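Inside the fold
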Amino acid sequence: MIKFSVVVVCLNAGNDLIDTINSILNQTYQNYEVIVKDGLSSDGSISLIPKDNRIKFISESDSGIYAAMNQAINFINGDYVIFLNCGDLFYDNDVLLNTAEAINNNKYDIFYGDCYNVLQGHYNSYPQKITSFTCYRTMICHQSTFYAKEILSRGYDLKYRVLADRELLVSSIVKDKKSTKYLNFTVCRYKAGGFCETPESINIAKREEKTIKKNNYNGLKRIKYELLLFFTMRELRALLIRNEKFRMMYYKTLKRIYSLNK
């Protein structure tokens, strides 16, 4: 029976922490553990965590969110791992149940589904097949991705302040050839609006994205993919995608492009 590890890192997260924990405890599938990695909170939120023997609590200082996630990895006992930030919720009570059924049918290394962006009020839908071009072009929502425990053994590379999760995903798929499987349902309600979306982090992310691409793709492939992004008007699409009708057409076209650029 598949066991999940759901990791939540926190620091003075208030009610967001409790909302996330309750979202996990409300799952109909019962074979999971919750690892709460706290960075020495002082707001009293930790005392409000429900009592449940599936919750492991680790409290120690850390240098940031990815360092905290690495600390939590040391305590993982599940077969597959998902990270939820405080304020993020499972989309419904059957997410773990549906994911377990998918895993039982196909033992892939990485399972991923869609997410609902609460701040922007729309769904982020992802391609049904992850290719080298997919990884170059976009980032699958970290909170809607389940990793086989073995993938996380090396931890997150702390030289990346904003995109360590993207670096892990890209290197696992492009370099290590890990297999992926699309979950045809929405996994999480992504709260958004955190540090990764501030002006400072956006600038950092641009630099880190260049490094990730350079480390995982040769020069010719980078040129090819940059041309594809240019001629498919990436910036314009980012604006138009907010329209529901265009979004449906957009993802249908993307799937065709992905199938031609494996």
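I will try to describe carefully the structure that is included in this document. (Residues numbered from 1 in each chain as written. Predicted model: local features only at pLDDT ≥ 70, side-chain atom pairs only at ≥ 80, totals over all residues. Heavy atoms only, no water.)

Counting its regular elements, the chain contains nine helices and nine strands. Sequence-distant contacts, at least 24 apart, represent 77% of the contacts inside the chain between residues at least 6 apart. Summed over its atoms, the accessible surface of the chain is roughly 13200 Å², and 52% of this surface lies on carbon and sulfur atoms. (Helix = DSSP H or I, 4+ residues; strand = E, 2+ residues; numbered from the N terminus. Contact = heavy atoms within 4.5 Å. Areas by Shrake-Rupley, 256 points an atom, 1.4 Å probe, with all protein chains shown as cover.)

What follows is about unusual backbone geometry. Excluding glycine, residues mostly have negative phi values, and the peptide bonds linking residues are mostly trans. At Asn-12, a position not held by glycine, the phi torsion is positive, near 50°. Structurally, Asn-12 can be placed in the loop between β1 (4-10) and α1 (15-25). Even without a glycine there, the phi angle at Lys-177 is positive, about 60°. Of note, Lys-177 is situated in the loop between α5 (164-175) and β9 (180-190).

To continue, consider the nonpolar core. Soluble globular proteins tend to pack their nonpolar side chains together in the buried interior. Phe-4, Leu-17, Phe-90, Phe-146, Leu-152 and Tyr-156 are the most contacted members of the largest nonpolar core, which totals 77 residues. What Leu-152 contacts, discounting residues up to four positions off in sequence, is Ile-73, Ile-76, Val-81, Phe-83, Tyr-147 and Leu-168. (Core = buried A, V, L, I, M, F, W, Y, C linked by side-chain atoms within 4.5 Å. Buried < 20%, exposed > 50% of the residue type's maximum accessible area, 1.4 Å probe, protein only.)

Right, let's talk about the pairing of strand β6 (residues 110-117) for a bit. A regular strand carries its side chains on alternate faces of the sheet. Within β6, eight of the eight residues are buried, which leaves the element mostly enclosed by the surrounding structure. Judged from the seven bridges that link them, β6 and β9 form a sheet pairing that is parallel. From the neighbouring strand, Cys-115 faces β9, where its bridge partner is Cys-188. In this structure, β6 lies alongside strand β7 (residues 122-124), joined through three bridges in antiparallel fashion. By the bridge assignment, Asn-117 is partnered in β7 with His-122. Taking the residues between adjacent antiparallel strands as the criterion, β6 and β7 are bridged by four residues, where Gly-121 takes a positive phi near 70°. (Pairing = 2+ DSSP bridges.)

If you walk through the whole model with that rule in mind, you get 13 aromatic pairs. For the pair Tyr-91 and Tyr-123, a centre-to-centre distance of 6.0 Å together with 65° between the ring planes defines the contact as edge-to-face. Within this pair, whereas Tyr-91 is found in the loop between β5 (89-90) and α3 (95-105), its partner Tyr-123 is found in strand β7, the two being separated by 32 residues in sequence. Taking the relative accessible area as the measure of exposure, Tyr-91 reaches 22% and is therefore partly exposed. Each residue in the set Phe-133, Tyr-136, Tyr-217 and Tyr-225 is aromatic and connected to the rest through ring pairs, giving one cluster. (Phe/Tyr/Trp six-rings, centres within 6.5 Å; stacked < 30°, edge-to-face > 60°.)

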